[in-house]
Amino acid sequence: MDLKDIIKEENLVYSKTKLLTDNIMHYCPGCTHGVVHKVVAEVIDEMNIQEKSIGVAPVGCAVLAYNYIDIDWHEAAHGRAPAVATAISRLYPNKYVFTYQGDGDLASIGTAEIMHACNRGENIVVIFINNGIYGMTGGQMAPTSLLDMPTSTTPYGRKVELNGYPLKITELIAQLPGTCYVTRQAGHTPAAVRKLKKAIRKAFENVGQKKGTSFIEVVSTCNSGWKLSPVKANEWMVEHMFPYYPLGDLKDE
Amino acid sequence: MADYKLMKGNEAIAEAAIRCGCDAYFGYPITPQSEVLETLMARMPWEETGMVVLQAESEVAAINMVYGGAGCGKKVMTSSSSPGISLKQEGITYIAGAELPCLIVNVVRGGPGLGTIQPAQSDYFQAVKGGGHGDYKLIVLAPASVQEMYDFVDLGFELAFKYRNPAMILSDGVIGQMMEKVQLGPYKPRMTDEEIIAKYGSWATTGKTPDRPRNIITSLDLEASRQEQFNLKLQKKYREIEEKEVRFEKIACDDAEYLFVAYGSSSRICQKAVDLAREKGIKVGLLRPITLFPYPTKAIQEMIGQLKGILTVEMSAGQMVEDVRLAVEGKVKVEHYGRMGGMIPSPNDVVAALEEKIIKG
């Protein structure tokens, strides 16, 4: 049997996600952003809400997210994506507005914006990529960097007396009455990706039902910043990140 | 039958926003402009026109909400006072960089820092020379009356959309707080998405439709040569604005040998000073810039031949005076008179300064 006899529509079990553009992603090999982008694109496509979706991209590695998913996008200043999304969602109450933010963006410079948008219960989805380090800026400490974790600004490891504790921002967010769904997921195994997709789908459906803010933390790797191979980075994440940032739903109302 | 109402300057801003079809206001309270947000909240325009009004958690959030709403192609505005405007500079430079229309109102108070809640004009540099990072300009309108506070909301939006550029009403605590009779305009309905697209094009984040590529609102371009081209395009736009949008008022200038140049509340004081000086036989006129960017440089230059001296009157250490000096290129003596920290000069002070600094000096 020739290859052309096998490659047929009825035999197709996997293909490129429709809403992902043909642009070559700038992310490092092994980075979780590619996986999360794909899942977001799949959910928007499967829900058939391309025309109703508006993404708000952050500052940081995902600053160019708008190059990869074929919907309207608004780029925001560092940390301000929830404020930008607030306005879009209020002006277009029937659209699916989401922010896509990293840990420096959301948990450091943008803590005020994320807390207040969630507390107001803005009808948006927040996708929060937590890899415990500043990726694009070159591997500096993030609020979520673990204790003893070496970064370029904590070369001897993060110390409480110098840098304080790793911030469990998702636990704080879960306490805010404006949020309806707060969950922590990952994307390191096929099973984890399926759970992540289910969570993102639920979050977008919550927007359709005008339930308030849905917040999805995705515990992620930064193999460049962590200076580990993709495989080792996944192993390190499971061993060190998951105990401090345990996966699962924190709130589902 | 015209519709007149006695209003505070800040209330006029709010009323004008509702009547000119503004889609959203995002703000944060700060003296002396809190009545803008208070008036809007009391008027409940969301019931009347569907206008969104939201008290943000900070000035930073408020201007970024403006950024988001402006990206949707909507008429969106904010207002604040000096320390709050400093916080908004981050968002303002992003809005200018993304070439979005919006309206920002600054009811200036004395500084630096927390300063005072009394009026000043010490944010001139910040308003007309950039304020945030990067090479950009705002279209800056300087009202001198409560009526102009009202009128410039609509005008500000019109210019902002025409050039896809943020516009600022640069007012101060005198005009924000004083009450005057205002002639109210008719209600303009808010534009629908279809009307916005028909009038201004389909560049906004309204949700990607099959008939167009995705819209991306951003000020980022990592490629230096493209970023330079974008900057050159911005500068070309600013030159066009300078060519077409200069606005100013001349009072008693025909036979003037001396000239006051003043904007906003200082120009009101100078109007009286013109009368007092002319009673003393001093032939002085007043040139009042209405747009501070674009600046009425040519209007000043055209008067050079008839003038023996120019006095700028500003409630600052002397900021606009630099633009007057640039305009006359040393051909006429230019001096500055001003008070700071919330103090307001009197018309007699202004006449004395003219005599001291220009006529005798």
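The rules we used
- Residues numbered from 1 in each chain as written.
- Chains lettered and ligands numbered in written order.
- Predicted model: local features only at pLDDT ≥ 70, side-chain atom pairs only at ≥ 80, totals over all residues.
- Heavy atoms only, no water.
- Helix = DSSP H or I, 4+ residues; strand = E, 2+ residues; numbered from the N terminus.
- Rg over C-alpha atoms; globule rule 2.2 N^0.38 Å.
- Buried < 20%, exposed > 50% of the residue type's maximum accessible area, 1.4 Å probe, protein only.
- Contact = heavy atoms within 4.5 Å.
- Areas by Shrake-Rupley, 256 points an atom, 1.4 Å probe, with all protein chains shown as cover.
- Lys, Arg positive; Asp, Glu negative; His and termini not counted.
- Charge placed at Lys NZ, Arg CZ, Asp CG, Glu CD.
- Buried area = accessible area lost by both parts, 1.4 Å probe.
- Salt bridge = Lys/Arg side-chain N within 4 Å of Asp/Glu carboxyl O.
- Polar contact = N/O pair within 3.5 Å; in protein donor to acceptor, adjacent residues only side chain to side chain.
- Nonpolar A, V, L, I, M, F, W, Y, C, P; charged D, E, K, R; others polar.
- Pairing = 2+ DSSP bridges.
- Axes fitted to C-alpha atoms, helices over the stretch in contact; angles between N-to-C directions.
- Patch = residues over 30% accessible without salt bridge, like charges linked within 9 Å, V, L, I, M, F, W, Y side chains within 5 Å.
- Domains from an automatic or database assignment.
- Phe/Tyr/Trp six-rings, centres within 6.5 Å; stacked < 30°, edge-to-face > 60°.
- Lys NZ or Arg CZ within 6 Å of the ring centre and 35° of its normal.

Of regular secondary structure, chain B possesses 14 helices and 15 strands. Here chain B has a C-alpha radius of gyration of 21 Å; the compact-globule value for 361 residues is 21 Å, and the two agree. The dimensions of chain B, computed from C-alpha atoms along their principal axes, are 70 × 50 × 40 Å. Counting over 361 residues, chain B shows a buried share of 59%. Within chain B, contacts between residues at least 6 apart in sequence are counted, and of these 78% link residues at least 24 apart. A total accessible area of about 14000 Å² is found for chain B, and carbon and sulfur atoms account for 52% of it. Where the 41 positive side-chain charges of chain B centre and where its 46 negative ones centre are 2 Å apart.

In this section: the interface of chain B and chain A. Across the boundary between the two partners, chain B contributes 37 residues, which contact 35 residues of chain A. Around 2800 Å² of area is buried between chain B and chain A when both sides are counted, 60% of it from carbon and sulfur atoms. Taken as a group, E57, K208 and R214 of chain B account for 23% of the area that chain B buries against chain A, more than any other trio of residues on that side. Across the contact surface, chain B and chain A share 4 salt bridges. Here R214 of chain B and D70 of chain A are joined by a salt bridge, their closest N and O atoms 3.8 Å apart. One can count 17 residue pairs in polar contact (both at pLDDT 80 or more) joining chain B with chain A. Of all the secondary-structure elements, those providing two or more residues to the side of chain B that touches chain A are β2 (24–27), β3 (52–55), α4 (59–71), α5 (82–97) and β9 (216–217) of chain B. No other element matches α4 of chain B, which puts 8 residues into the side of chain B that touches chain A. When its residues are assigned to classes, the side of chain B that touches chain A shows 18 nonpolar, 11 polar and 8 charged.

All names here are of chain B. Strand order in the open sheet made by the 5 strands is β10-β12-β11-β14-β15, with mixed pairing throughout. Taken across any chain shown, the strands that pair with only one partner, and hence form the sheet edges, are β10 (248–251) and β15 (334–337). On average, each strand axis in the sheet is inclined to that of its neighbour by 20 degrees, with strand direction left out of account. Pairing of strand β14 (residues 309–313) with β15, which is carried by 4 bridges, proceeds in the parallel orientation. Paired with T312 across the two strands is H336, which belongs to β15. Seen against the sheet, helix α13 (residues 321–328) touches β11 (258–261), β14 and β15 and runs at an angle of roughly 170 degrees to β15.

To continue, consider a nonpolar patch on the surface. On the surface, M1, L3, I6 and I7 of chain A cluster together into a nonpolar patch covering about 520 Å² of accessible area. Residue position: M1 of chain A is located in the segment before α1 (3–6).

What follows covers the pattern of salt bridges. Side-chain pairs of opposite charge can arise whenever the charged atoms involved come near each other. Scanning the entire structure with this criterion turns up 45 salt bridges over all chains. Here E57 of chain B ties to R120 of chain A by a salt bridge, and the two come within 2.8 Å at their closest N and O atoms. Here E57 of chain B, found in the loop between β3 and α4, pairs with R120 of chain A, found in helix α5 (residues 111–120), and the two come from separate chains. Take R120 of chain A: its relative accessible area is 26%, and that puts it in the partly exposed class. A salt bridge links R43 of chain B to E48 of chain B; its shortest N-O distance comes to 2.8 Å. Its relative accessible area of 25% is what places R43 of chain B among the partly exposed residues. E48 of chain B sits in the partly exposed class, given a relative accessible area of 41%. Taken together, the shared-partner salt bridges in this structure form one network comprising K38, E42, E46, K197, R201 and E205 of chain A.

All names here are of chain B. Counting buried positions along strand β12 (residues 284–289) yields 6 of 6 residues, so the element is predominantly enclosed. Here β12 shows a buried face lined by V284, L286 and R288 and a second buried face lined by G285, L287 and P289. Summarising the sheet, β10 and β12 pair through 4 bridges and their orientation is antiparallel. Residue pairing across strands places I251 opposite L286, the latter belonging to β12. Bridge count between β11 and β12: 4 bridges; the pairing is parallel.

Next up on the list: the domain arrangement of chain B. All names here are of chain B. Per the domain assignment, the segments of chain B are domain 1 (3–193) and domain 2 (248–359). Centre-to-centre, using C-alpha coordinates, domain 1 lies 27 Å away from domain 2. Of the residues lining the interface, 28 residues belong to domain 1; the matching set on domain 2 comes to 26 residues. Carbon and sulfur atoms make up 55% of the surface buried where domain 1 meets domain 2, a total of about 2100 Å² over both sides. Contact with domain 2 buries surface across domain 1, with Q121, Y124 and F125 losing the most and accounting together for 34% of the total. Viewed at the interface, domain 2 and domain 1 are joined by 3 salt bridges. Between R268 and E180 there is a salt bridge; the shortest N-O distance is 2.5 Å. At the junction of domain 1 and domain 2, the tally comes to 15 residue pairs in polar contact (both at pLDDT 80 or more). Elements with a minimum of two residues in the side of domain 1 that touches domain 2: α6 (124–128), β6 (139–141), α7 (146–163), β7 (166–172) and α8 (173–177). For the side of domain 1 that touches domain 2, the residue count by class is 17 nonpolar, 5 polar and 6 charged.

For the structure on display, the rule yields 11 aromatic pairs over all chains. Aromatic pair F128 of chain A and F215 of chain A: ring centres 5.8 Å apart, planes at 45 degrees, arrangement tilted. Highlighted residues: F128 of chain A in strand β4 (residues 125–130) and F215 of chain A in strand β8 (residues 213–219), separated in sequence by 87 residues. We note that F128 of chain A, like F215 of chain A, is buried. Residues Y244 of chain A and Y245 of chain A carry aromatic rings whose centres are separated by 5.0 Å and whose planes lie at 90 degrees to one another, so their mutual orientation is edge-to-face. Relative accessible area serves as the criterion here: at 25%, Y244 of chain A is assigned to the partly exposed category. Overall, the relative accessible area of 0% leaves Y245 of chain A in the buried class. These aromatic residues form a ring-pair network of at least three members: W73, F98 and F204 of chain A. If you follow K95 of chain A out to its NZ or CZ, it ends over the ring of Y92 of chain A, 4.1 Å from the centre. The side chain of K181 of chain B reaches across the aromatic face of Y4 of chain B, ending 4.7 Å from its centre.

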